[in-house]
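# Coordinate inspection notes
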Amino acid sequence: MTVAMRLIPSIDRLLAEATRRGLSYPREEVLAALREAAQACRRLLCAEHEVEDPSEWILNLAQSLLDLLFEPSLCRVINATGVILHTNLGRAILAPEVINAVSKSAAAYSNLELDLTTGERGSRHAHVDKLLCRLTGAEAALVVNNCAAAVLLVLDELARGREVLVSRGELIEIGGAFRLPDVVRASGARLVEVGTTNKTRVSDYEAALGSSSSLLLKSHRSNFHMRGFTEEVDVATLARLGARFGLPVAMDLGSGLLLDLKPYGIDGEPTVQDMVAQGAGIVCFSGDKLLGGPQAGVIVGRRELVARCRKNPLMRALRIDKLTLAGLEATLRLYLSPDTVVSRIPTLRMLTSTDVVLRNRAQELQQRLTVAVGPAARVVVESGTSQMGGGTMADCALATFGVAVTPFRIPIHVWEARLRRMRPAVVCRLWRDALWLDVRTLQAQDSVHLEEAFRKVVQSG
Ligand SMILES: *Cc1c(COP(=O)(O)O)cnc(C)c1O
């Protein structure tokens, strides 16, 4: 054993060899990697494994460790899943104008909290609140880190130590451990459940009202649907009840749709404007769902309620950062031009892609991939369904076109894994014994990368 151990060169000699080979990483990191690799080699030799050339083995391992350390972990993914707001893939991608605004805000100082007219301290919210009010019809607006933070802040300010009434049919869970009863508890408010799972009437709310009631909370069932013997109370009715008892209605809307999608044949998702018009005192929504902007939480509503939230001590912990704010502002500004907003915002563009466009793109992709895989697989255009994803529009299946690739000799999960490990990574679905690539969520240039990726997949045997 000791003889074997003596085969491991000293770290100095390994370092010299690494330098000779032109390993171009910072010296301290190279040393750390060599030590770790030498240690791994020592363990193998102690366990009486054969290592043919320990020096070579250590240098190779150190190289891999260093490559891994210096390679960006967050990397580009080609989304061929057809899920437009894939939470695991980062939800909304941004419009070019928005990317430009984010990068400008990153590269230079800005008037983030300085009023350039008066020279006095300003508010970061000032950059978006006029826009938000204009677009939603609300009196005031506030932005935080995400919608979960918005709901927490609203509950903390308007219901801490008091009762908040929620229908049993709306005690929702959104992915990533956002469960409404837990959020209510975390805010220090007391949850009063109203009605039953499938039916809640206005009389149920009325019966549950007491001297300690502070807020009527409604949440949008954004990631599931209830059908059959059901009844719920709409915001307008709830607002009228609240007005009689001096209680505000808060709506946890989630998605933040600002544009009526009915002309595009997409129905059933409420808009923020509609909630405000119906009399919700507060509406909370996400920046990176149907709004199509960066991750953010928006609170719009009545002036005095929003003003209270703004002064809440949690505000500092939940505040939006300047890059996000720049992105949100630029996104909202696109909504000022209703004629072009759908074509500018990628989320809306993908959502409203027409059959003809999707079919053409699928045919173009099929041709490219057929050439790339040659006789190794069958490549056909197929129709299928895309989803909104991101916990929005659970009931909405969008007819789409895609390309199904079936390798002849290699199991599809092997190809799926190879595609996932490429850079850019390719993420697709396994469907009906094929790799299914939905063209709806592909971006310009993606088909060129896909062709190259499939070529490599075939080459690797
Ligand atoms: C998505 C969603 C949330 C959470 O929003 P994030 O921006 O992801 O924090 C909260 N409530 C509803 C109804 C949602 O759909």
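Right above here is the structure, for reference.
The shown structure was predicted, so the numbers you read here are calculated from the model rather than taken from an experiment.

## Let's talk about the sheet that holds strand 9 (residues 282–286)
- Spatial ordering of the open sheet is given by 2-10-9-8-7-3-6, a layout of seven strands whose pairing is mixed. The open sheet has two free edges, formed respectively by strand 2 (140–144) and strand 6 (190–194), since each of these has just one partner strand. This sheet shows a mean twist of 25° between the axes of neighbouring strands, independent of strand direction.
- Taken together, the four bridges between strand 7 (residues 213–219) and strand 8 (residues 249–254) define a ladder with parallel strand orientation. Paired with Lys 218 across the strands is Met 251, a residue of strand 8.
- Running at roughly 120° to strand 2, helix 6 (residues 126–136) makes contact with strand 2, strand 9 and strand 10 (297–301) of the sheet.

## A word on the environment of Glu 232
- Tracing the backbone shows Glu 232 in the loop between strand 7 and helix 10 (235–245).
- Along the backbone, Glu 232 and Asn 198 are 34 residues apart, and their C-alpha atoms lie at a distance of 8.0 Å.
- Sequence-distant contacts of Glu 232, defined by excluding residues within four places in its chain, comprise Glu 170, Thr 200, Lys 218 and Arg 221.
- A polar contact of 2.8 Å, which involves the side chain of Glu 232, links it to the side chain of Lys 218.
- Here Arg 221 takes part through its side chain, which lies 2.8 Å from a polar atom of the side chain of Glu 232.

## Considering the site of the ligand
- Near the ligand there are 14 residues, and of these Ala 148, Ser 222, Asp 252, Ser 286 and Lys 289 occur at the shortest range.
- Residue Lys 289 places a side-chain N or O atom 2.7 Å away from an oxygen atom belonging to the ligand.
- Elements represented by at least two residues in the shell around the ligand include exactly helix 7 (147–159) and strand 8.
- Within the shell around the ligand, the residues separate by chemical class into five nonpolar, six polar and three charged.

## Some thoughts on the packing of aromatic side chains
- Enumeration according to the criterion identifies three aromatic pairs in this entry.
- For the ring pair Trp 431 and Trp 436, a centre distance of 5.1 Å and an interplane angle of 65° mean the geometry is edge-to-face.
- Since its relative accessible area comes to 0%, Trp 436 is described here as buried.
- Directly above the aromatic system of Phe 229 lies the positively charged group of Lys 199, at a separation of 4.0 Å from the ring centroid.
- Between the NZ or CZ atom of Arg 432 and the centre of the ring of Trp 431, over which it lies, the distance is 4.2 Å.

## Details of the packing of helix 2 (residues 11–20) against helix 3 (residues 27–46)
- Interhelical geometry of helix 2 versus helix 3 gives an angle of 120° and a closest axis separation of 10 Å. Compared by their axis directions, helix 2 and helix 3 come out oblique. As helix 2 packs across helix 3, the resulting crossing turns out to be right-handed. Between helix 2 and helix 3, the contacting residues are Ile 11, Leu 14, Leu 15 and Ala 18 on the first element and Arg 27, Val 30, Leu 31, Leu 34, Arg 35 and Ala 38 on the second.
- Of the residues assigned to the contact of helix 2 with helix 3, the class counts are eight nonpolar, no polar and two charged.

## A word on the pattern of salt bridges
- Scanning the entire structure with this criterion turns up 29 salt bridges.
- Between Arg 201 and Glu 231 there is a salt bridge whose closest N-O contact spans 3.7 Å. Here Arg 201 is found in the loop between strand 6 and helix 9 (202–208), whereas its partner Glu 231 is found in the loop between strand 7 and helix 10, with 30 residues between them in sequence.
- The partly exposed category is assigned to Arg 201, whose relative accessible area is 39%.
- A relative accessible area of 33% means that Glu 231 is categorised as partly exposed.
- Ionic pairing is found between Arg 333 and Glu 329, a salt bridge with its closest N-O pair at 2.4 Å. Of the two residues, Arg 333 and Glu 329 are both situated in helix 14 (residues 322–334); the distance of four residues between them amounts to about one turn of the helix.
- By relative accessible area, which is 24% here, Glu 329 ends up partly exposed.
- Salt bridges sharing partners connect three or more residues here, namely Glu 17, Arg 20, Arg 21 and Glu 56.

## Points about the state of the cysteines
- Across all of its chains, the model carries zero disulfides by this definition.
- Here Cys 133 is not cross-linked by a disulfide; its sulfur's nearest cysteine counterpart is in Cys 309, at 14 Å.
- Relative accessible area serves as the criterion here: at 17%, Cys 133 is assigned to the buried category.
- Of all cysteine sulfurs, the one in Cys 284 lies closest to Cys 147, which takes part in no disulfide; the gap is 5.7 Å.
- When its relative accessible area of 8% is taken as the criterion, Cys 147 is described as buried.

## Notes on the sheet that holds strand 15 (residues 434–438)
- Strand order in the open sheet formed by four strands is 11-12-15-14, with antiparallel pairing between adjacent strands. At either margin of the open sheet sits one strand with a lone partner, and together these are strand 11 (377–387) and strand 14 (429–431). For this sheet the average axis-to-axis angle between neighbouring strands, irrespective of direction, equals 40°.
- Bridge analysis of strand 11 against strand 12 (residues 397–407) gives 11 bridges, and the strand direction is antiparallel. Counterpart to Ser 383 in the pairing with strand 12 is Phe 401.
- Taken strand by strand, helix 18 (residues 412–420) contacts strand 11, strand 12, strand 14 and strand 15, and its axis lies near 40° from that of strand 15.

## Observations concerning helix 4 (residues 54–70)
- The end-to-end C-alpha separation of helix 4 is 24 Å, in line with the 24 Å expected for 17 residues at 1.5 Å each.
- Residues Pro 54, Ile 58, Leu 59, Ala 62 and Leu 66 constitute the buried set of helix 4. Projected down its long axis, helix 4 shows its buried positions confined to an angular sector of 125°, all on one face.
- Contacts from the buried residues of helix 4 go to helix 2 and helix 3.

Conventions we followed
In this convention, every chain numbers its residues from 1, walking through the sequence in written order. It should be noted that, the model being predicted, local features are given only for residues of pLDDT at least 70 and side-chain atom pairs only at 80 or more, the latter also being counted only at that level, while totals for whole chains, interfaces and linings use all residues. Only heavy atoms go into the side-chain values, all of them from the structure, while hydrogens and water stay out. What makes two strands pair is DSSP finding at least two bridges between them. The numbering of helices and of strands both runs from the N terminus, where a helix is a DSSP run of H or I of at least 4 residues and a strand a run of E of at least 2. The angle between two axes is taken between their N-to-C directions and runs from 0 to 180 degrees, where each axis is a line fitted to C-alpha atoms and a helix contributes only its stretch in contact. Between two residues, a contact is recorded if the distance between any of their heavy atoms is within 4.5 Å. Between N or O atoms, a polar contact is any pair within 3.5 Å; within protein, one atom must be a potential hydrogen donor and the other a potential acceptor, and residues adjacent in sequence are included only when both atoms are from side chains. Nearness is judged by heavy atoms alone; a residue qualifies as near a molecule or strand once a single heavy atom is within 4 Å of it. Basically, the charged four are Asp, Glu, Lys and Arg, the nonpolar ten are Ala, Val, Leu, Ile, Met, Phe, Trp, Tyr, Cys and Pro, and anything else, Gly included, counts as polar. Note on aromatic pairs: the rings of Phe, Tyr and Trp (six-membered ring only in Trp) are paired at centre separations within 6.5 Å, and the planes decide the class, stacked below 30 degrees, edge-to-face beyond 60, tilted for the rest. Residue exposure (1.4 Å probe, protein chains only): buried if accessible area is under 20% of the type maximum, exposed if over 50%, otherwise partly exposed. A positively charged side chain is recorded as over a ring if its NZ (Lys) or CZ (Arg) lies within 6 Å of the ring centre. The angle to the ring normal must also be within 35 degrees. Roughly parallel refers to an angle under 35 degrees, roughly antiparallel to one over 145, roughly perpendicular to one between 65 and 115, and oblique to any angle outside these ranges. With the far helix as reference, a near helix turned anticlockwise by less than a right angle produces a left-handed crossing, and one turned clockwise produces a right-handed crossing. The working definition used for a salt bridge is a side-chain nitrogen of Lys or Arg within 4 Å of a carboxyl oxygen of Asp or Glu. Two cysteine sulfurs form a disulfide in these notes if their separation is within 2.5 Å. How far a helix is expected to stretch is found by multiplying one less than its residue total by 1.5 Å. Note that the arc is defined by the directions from the helix axis to the C-beta atoms.

These figures come from the coordinates and say nothing about function on their own.
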